[in-house]
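Structural description and commentary
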Amino acid sequence: MKLNLPKDYISWSQFNLWTRNPEMYRKEYYYGVKRTPNVEMKYGDTLARMLEMGVKGPVIDKIPRYKVSEYKIETDIAGVPVLAFVDSFQPGVCKFLEFKTGHKDAKGKDPWDAVKVRKHGQLPFYAAAIKAANGKCHSDVRLVWIETSVTPNKEKFGSFEMEAVRSGKLAMTGRVEV
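Residues numbered from 1 in each chain as written. Predicted model: local features only at pLDDT ≥ 70, side-chain atom pairs only at ≥ 80, totals over all residues. Heavy atoms only, no water.

Section: the overall build of the protein chain
What the protein chain contains, in helices and strands, is five helices and seven strands. Along the protein chain, from the amino end to the carboxyl end, the secondary structure elements read α-α-α-β-β-β-α-α-β-β-β-β. In the protein chain, buried positions account for 28% of the 178 residues. Taking all contacts inside the protein chain whose residues are at least 6 apart in sequence as the whole, residues at least 24 apart take part in 57%. Just so you have it, the protein chain exposes about 11,500 Å², and 54% of that area is on carbon and sulfur atoms. (Helix = DSSP H or I, 4+ residues; strand = E, 2+ residues; numbered from the N terminus. Buried < 20%, exposed > 50% of the residue type's maximum accessible area, 1.4 Å probe, protein only. Contact = heavy atoms within 4.5 Å. Areas by Shrake-Rupley, 256 points an atom, 1.4 Å probe, with all protein chains shown as cover.)

Listed below in structure tokens is the structure:
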């Protein structure tokens, strides 16, 4: 069977976007219209690079990690080429961790709870890729939530102080949930 894929593989990002918004998928992957990353996405990318480089610090040291950062998987599942990058991987036992950054919502609720983690498709997608590539995947896979907070940008104009809405500096709070 010949697949008509915009790339030579399916990644989690592609699969997730296709299932949520097929029209946006077409625009991004077939026509090259890129989405603008938000501050949280940029922060998550920066944190991933820091973890990959082995950066140390009082907050980042709380984040659990396995031996290999950004473990690249190129495999085939049921005739479909799959590409995945797992945040943290333990060879031999084939365990993995997936990191997510984010802050509480306006009501103070965490973005990840046990139900949301179970419903999220990224962990099963990566587990299937690991099993296809290695012949096994450990059943203990985890999503690690790294809490962030936004410090608003404030500007003073004479006696007035203005706060930028939906903008600011993002930082880790030090809370890590596994």
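Back to the text.
Some details on the packing of helix H1 (residues 12-20) against helix H2 (residues 22-30)
At a minimum axis distance of 5 Å, the contact between H1 and H2 shows a crossing angle of 140 degrees. Between H1 and H2, the crossing angle belongs to the class labelled oblique. Contacts from Ser13, Gln14, Leu17, Trp18 and Arg20 of H1 reach H2 at Pro22, Met24, Tyr25, Arg26, Glu28 and Tyr29. Looking at side-chain class alone, the contact of H1 with H2 contains six nonpolar, two polar and three charged residues. (Axes fitted to C-alpha atoms, helices over the stretch in contact; angles between N-to-C directions. Parallel < 35°, antiparallel > 145°, perpendicular 65-115°, else oblique. Nonpolar A, V, L, I, M, F, W, Y, C, P; charged D, E, K, R; others polar.)

With respect to the packing of aromatic side chains
In total, this model carries nine aromatic pairs according to the counting rule given. Members of the aromatic cluster, connected to one another through ring pairs, are Trp12, Phe15, Phe96, Phe125 and Tyr126. (Phe/Tyr/Trp six-rings, centres within 6.5 Å; stacked < 30°, edge-to-face > 60°.)

Observations regarding unusual backbone geometry
Despite not being glycine, Ala78 has its phi angle at roughly 55 degrees, a positive value. Within the fold, Ala78 resides in the loop between strand E1 (68-77) and strand E2 (80-90). On the accessibility criterion, Ala78 (77% relative accessible area) is exposed. Non-glycine residue Cys94 carries a positive phi angle of around 60 degrees. Note that Cys94 resides in the loop between E2 and strand E3 (95-102).

A short note on the side chain of Thr75
Here Thr75 lies in strand E1. With sequence-adjacent residues up to four places away left out, Thr75 is seen in contact with Val80, Pro81, Val82, Ala129, Ala132 and Ala133.

Concerning the pattern of salt bridges
A full pass over the atoms with the stated rule returns seven salt bridges. Residues Lys100 and Glu98 are paired through a salt bridge, measuring 3.8 Å at the closest nitrogen-oxygen approach. Of the two residues examined, Lys100 and Glu98, each falls in the buried class. Residues Asp110 and Lys104 are paired through a salt bridge, measuring 3.8 Å at the closest nitrogen-oxygen approach. Salt bridges sharing common partners tie together Lys95, Asp140 and Arg142. (Salt bridge = Lys/Arg side-chain N within 4 Å of Asp/Glu carboxyl O.)

Quick word on helix H3 (residues 39-53)
For H3, with 15 residues, the first-to-last C-alpha span of 21 Å sits near the 21 Å given by 1.5 Å per residue. Of all the residues in H3, the buried ones are Tyr43, Leu47 and Leu51. For H3, the angular spread of buried residues about the axis comes to 75 degrees, placing them on one side. At the exit of H3 stands Gly54, carrying a positive phi of roughly 80 degrees. (Expected span 1.5 Å × (residues − 1). Arc of directions from axis to C-beta.)

Comments concerning the layout of surface pockets
Estimates place the volume of the largest pocket at around 1,400 Å³. In terms of lining, the largest pocket is formed by 37 residues, of which the most central are Ser13, Met41, Asp45, Lys100 and Gln122. Only H1, H2, H3, E2, E3 and helix H5 (122-134) provide two or more residues apiece to the lining of the largest pocket. (1 Å grid on protein atoms, 1.4 Å probe; cavity = no way out; pocket = protein on both sides within 12 Å on 5 of 7 lines; lining within 4 Å. Points joined across faces, edges and corners; volume = space filled by probe spheres on them.)

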